Amino acid sequence: MRPFPRDLSDRSMVASAVQGPLVDTFGRAVTYLRVSVTDRCDFRCVYCMSEHMTFLPKQDLLTLEELDRLCSAFVARGVRKLRLTGGEPLVRRDVMTLFRALSRHLETGRLEELTVTTNGSQLARYAADLAACGVRRINVSVDTLDPDKFRAVTRWGDLGKVMEGIAAAKAAGIKVKLNAVALRDVNEHEIAGLMEWCHGEGHDLSLIEVMPLGEVGAERVDQYLPLSEVRAKLEERYALTDIPFRTGGPARYVEVKETGGRLGFITPLTHNFCEGCNRVRVTCTGTLFMCLGQEDAADLRAPLRASADDALLQTAIDEAIFRKPKGHDFVIDRTSRTPAVSRHMSTTGG
Ligand code: SAM
Ligand code: SF4
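Reading the values: rules and limits
Residue positions are given per chain, counting from 1 as you read along its sequence in written order. Starting at A for chains and at 1 for ligands, labels are handed out in the order in which the entities are written. Totals for whole chains, interfaces and linings use every residue, but because this is a predicted model, local features are given only for residues with pLDDT of at least 70 and side-chain atom pairs only at 80 or more, for both listing and counting. Here the side-chain values reflect all heavy atoms present in the structure, with hydrogen atoms and water set aside. Only a single heavy atom is needed: when it lies within 4 Å of a molecule or strand, its residue is near that molecule or strand. In protein, a polar contact means a hydrogen-donor-capable atom and an acceptor-capable atom, both N or O and within 3.5 Å, with residues adjacent in sequence counting only if both atoms are side-chain atoms; elsewhere, any N or O pair within 3.5 Å suffices. For every accessible area listed, the method is Shrake-Rupley and the probe measures 1.4 Å; residues are considered covered only by the protein chains on display. Secondary structure elements follow DSSP: runs of H or I no shorter than four residues count as helices, runs of E no shorter than two count as strands, and numbering proceeds from the N terminus. The buried label applies to any residue whose accessible area, calculated with a 1.4 Å probe on protein chains only, is under 20% of its type's maximum; exposed applies above 50%, and partly exposed to all values in between. If DSSP finds at least two bridges between two strands, the strands pair. Any Lys or Arg side-chain nitrogen located within 4 Å of an Asp or Glu carboxyl oxygen qualifies as a salt bridge. In this count, Pro and Cys sit with the nonpolar residues alongside Ala, Val, Leu, Ile, Met, Phe, Trp and Tyr, while Asp, Glu, Lys and Arg are called charged and the others, Gly among them, polar. Simply put, an axis is a line fit to the C-alpha atoms, just over the touching stretch for a helix, and the angle between two N-to-C directions goes from 0 to 180 degrees. For classification purposes, angles smaller than 35 degrees are called roughly parallel, those larger than 145 roughly antiparallel, those between 65 and 115 roughly perpendicular, and all remaining angles oblique. In a left-handed crossing the near helix is turned counterclockwise from the far helix by less than a right angle, and in a right-handed crossing that turn is clockwise. Only heavy atoms enter the contact rule, under which two residues are in contact if any of them lie within 4.5 Å. By convention a nonpolar core is built from buried Ala, Val, Leu, Ile, Met, Phe, Trp, Tyr and Cys residues, the set being connected through side-chain atoms within 4.5 Å. Pairing of aromatic rings covers Phe, Tyr and the six-membered ring of Trp, with a centre-to-centre limit of 6.5 Å; geometry is then stacked below 30 degrees between planes, edge-to-face above 60, and tilted otherwise. Lysine NZ or arginine CZ positioned within 6 Å of the ring centre and within 35 degrees of the ring normal marks a charge as sitting over the ring.

A.B. asks: Is there a simple way to think about the site of ligand 1 in this case?
C.D. replies: If you check the shell around ligand 1, you find 19 residues, and the closest are Tyr47, Gly87, Glu88, Ser141 and Met211. Within the contact set of ligand 1, an oxygen atom lies 3.1 Å away from a side-chain nitrogen or oxygen of Tyr47. Backbone polar atom of Gly87 to a nitrogen atom of ligand 1: 3.0 Å apart, as the coordinates give it. Considering ligand 1 on its own, with 540 Å² of exposed area, one finds that the protein chains cover 96% of that surface.

Take a look at the structure:
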């Protein structure tokens, strides 16, 4: 990671700050920020974490006030969509304070969408509060509807609680999209059933290809199930029509004639979507990753803490966006045994 200059008397960098929309050197406007508010989680999904994870010391984390300031600095630069994620965002203590603070940007109209990706374990408790903060859509990760398998995939998860959470979100008027990671031999034969359930409940479903992020104590190649294969299987039973529907993310959607619902495919491996990338990610320690699949990062915590105004922070953001790479180079095959990047998805925020 490129360190923030210690010598804060060097004002030349500040002077070079270009305050305006964030556009990278490939002409892509950065309008979407994902923020991991904690690296901790109450699950240990087999594709995301190893069973025994070491988490960051709490003092390394940005405070909720600092997270608010950081997010607001991006909103001031044209970020229109903000997703809080993690780890599990809803296990961060007092996280609703952050949602409440950020909702002011919805009220002013600077922010189009405030949303969250969650494992759903705490959703029953927070759904109404989220709705009150202006959260209109959320993503809930559910890979299987079989409680035993759910427990096996998440290692610690209780499907019943997640289902209660999804029901509470629906009751609170929040549109729920389910995310499922397609896993060879685990849920590959359940995807049609999961889709039927989602569409029956009025939820969209997005399928995700497993990405080689972090050591998880399992062979990625054994987990990896290409979505091209899943789609071909589904097409034996369902009529899938490509539709231009987008939610600002990388999913490409089809409409399923038989269910009338939408199914998304997030295919970082089989179809690289980097050319339209509009997003960057910040970790809970204030590290900005310009690409999920690359190691380059910028420290935003030092400039954030160095002064009460945002000039240094904005300069650091400009410098980082200037370095946003063209794309990732994920590969999963028998010859690439080590992860493409060493950090886990829970660090960067999925
Ligand atoms: N804990 C929350 C959850 O599970 O929704 C938010 C964080 S989680 C890291 C965000 C998303 O990343 C989840 O949908 C999860 O399934 C997905 N994910 C985690 N590790 C992944 C990996 N290695 N490849 C693809 N998706 C992954
Ligand atoms: Fe936790 Fe989400 Fe990772 Fe599962 S995918 S271990 S719920 S952060």
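A.B. asks: What am I meant to see in unusual backbone geometry here?
C.D. replies: In terms of backbone geometry, most residues other than glycine have negative phi values and most peptide bonds are trans. With a phi angle near 65°, Arg155 is a residue other than glycine that sits in the positive phi range. Mapped onto the fold, Arg155 is located in the loop between α5 (147–154) and α6 (159–171). Residue Arg155 is classed as partly exposed on the basis of its relative accessible area, which comes to 22%. One non-glycine residue with positive phi stands out, namely Asp185, at about 65°. By the element assignment, Asp185 lies in the loop between β5 (175–182) and α7 (191–201).

A.B. asks: Looking at this structure, how should I read the pairing of strand β9 (residues 262–266)?
C.D. replies: The side chains of a regular strand alternate between the sheet's two faces. Across the five residues that make up β9, a large majority, four, are buried. As judged from the four bridges shared by strand β6 (residues 204–209) and β9, these two strands associate in the parallel manner. Within the sheet, the bridge partner assigned to Ile208 lies in β9 and is Ile266. Pairing of strand β8 (residues 252–256) with β9, which is carried by four bridges, proceeds in the antiparallel orientation. By the bridge assignment for β9, Glu255 is matched with Arg262.

A.B. asks: Would you take a moment to explain the pattern of salt bridges for this structure?
C.D. replies: It is possible for side chains bearing opposite charge to pair when their charged atoms get close. One pass over the full model with this rule turns up 16 salt bridges. Glu66 serves as the salt-bridge partner of Arg305, at 2.8 Å between the closest nitrogen and oxygen. Here Arg305 is found in helix α10 (residues 301–306), whereas its partner Glu66 is found in helix α2 (residues 64–76), with 239 residues between them in sequence. Linked through salt bridges whose partners overlap, the residues forming this network are Lys81, Glu113 and Arg137.

A.B. asks: Looking at this structure, how should I read the site of ligand 2?
C.D. replies: Neighbouring ligand 2 are Cys41, Phe43, Arg44, Cys45, Cys48, Met49, Gly87 and Asn119. When grouped by side-chain class, the residues that make up the shell around ligand 2 number five nonpolar, two polar and one charged.

A.B. asks: Can you walk me through the packing of helix α4 (residues 123–132) against α6 in this structure?
C.D. replies: Helix-helix packing is characterised by the crossing angle of the two axes and by the distance between the axes. Contact geometry for α4 and α6: axes closest at 8 Å, N-to-C directions at 15°. Classified by the angle between their axes, α4 and α6 sit roughly parallel to one another. Crossing of α4 against α6: the hand is right-handed. Together, Leu123, Ala124 and Ala127 of α4 and Glu164, Gly165, Ile166, Ala168 and Ala169 of α6 make up the contact between the two elements. In the contact of α4 with α6, the residues fall into six nonpolar, one polar and one charged.

A.B. asks: Explanation requested: the sheet that holds strand β10 (residues 279–282) in the structure shown.
C.D. replies: Adjacent strands of a sheet pair through backbone hydrogen bonds, lying either parallel or antiparallel. Pairing is mixed in the open sheet, where 12 strands are placed in the order β7-β8-β9-β6-β5-β4-β3-β2-β1-β10-β11-β12. If you trace the sheet from one side to the other, it starts and ends with β7 (240–243) and β12 (297–299), each paired once. Strand-to-strand, the axes of this sheet are offset by a mean angle of 25°, without reference to chain direction. Here α6 sits on the sheet in contact with β4 (137–141) and β5, set at roughly 145° to β5. Its contacts with the sheet place α7 against β5, β6, β8 and β9, and it is angled at close to 150° to β6.

A.B. asks: Please explain the nonpolar core as it appears in this structure.
C.D. replies: Generally speaking, a soluble globular protein has its nonpolar side chains buried in company with each other. Core analysis: the largest hydrophobic core is formed by 93 residues, its most contacted members being Phe74 and Phe99. Sort the elements by how many residues they give to this core and α2 lands first, with seven residues. With sequence-adjacent residues up to four places away left out, Phe74 is seen in contact with Leu22, Leu33, Val79, Val280, Val282, Leu288, Leu300 and Ile317.

A.B. asks: I'm lost on the packing of aromatic side chains in this one. Help?
C.D. replies: Pairs of aromatic rings are described using the distance from one ring centre to the other and the angle between the two planes. All chains considered together, the criterion is met by two aromatic pairs. Residues Phe43 and Phe150 carry aromatic rings whose centres are separated by 5.9 Å and whose planes lie at 85° to one another, so their mutual orientation is edge-to-face. Linking Phe43 in the loop between β1 (32–36) and α2 with Phe150 in helix α5, this pair joins segments that are 107 residues apart in sequence. Judged by its relative accessible area of 2%, Phe150 is buried. Taking the centre distance of 4.9 Å and the plane angle of 75° together, the rings of Phe245 and Tyr253 count as edge-to-face. With a relative accessible area of 1%, Tyr253 lands in the buried category. Positioned over the ring face of Tyr32 is Lys81, at 4.7 Å from the centre of the ring. One residue, Arg262, lies across the ring of Phe245, its end atom 3.6 Å from the ring centre.

Note that all results are geometric; they support no functional claim without further evidence.
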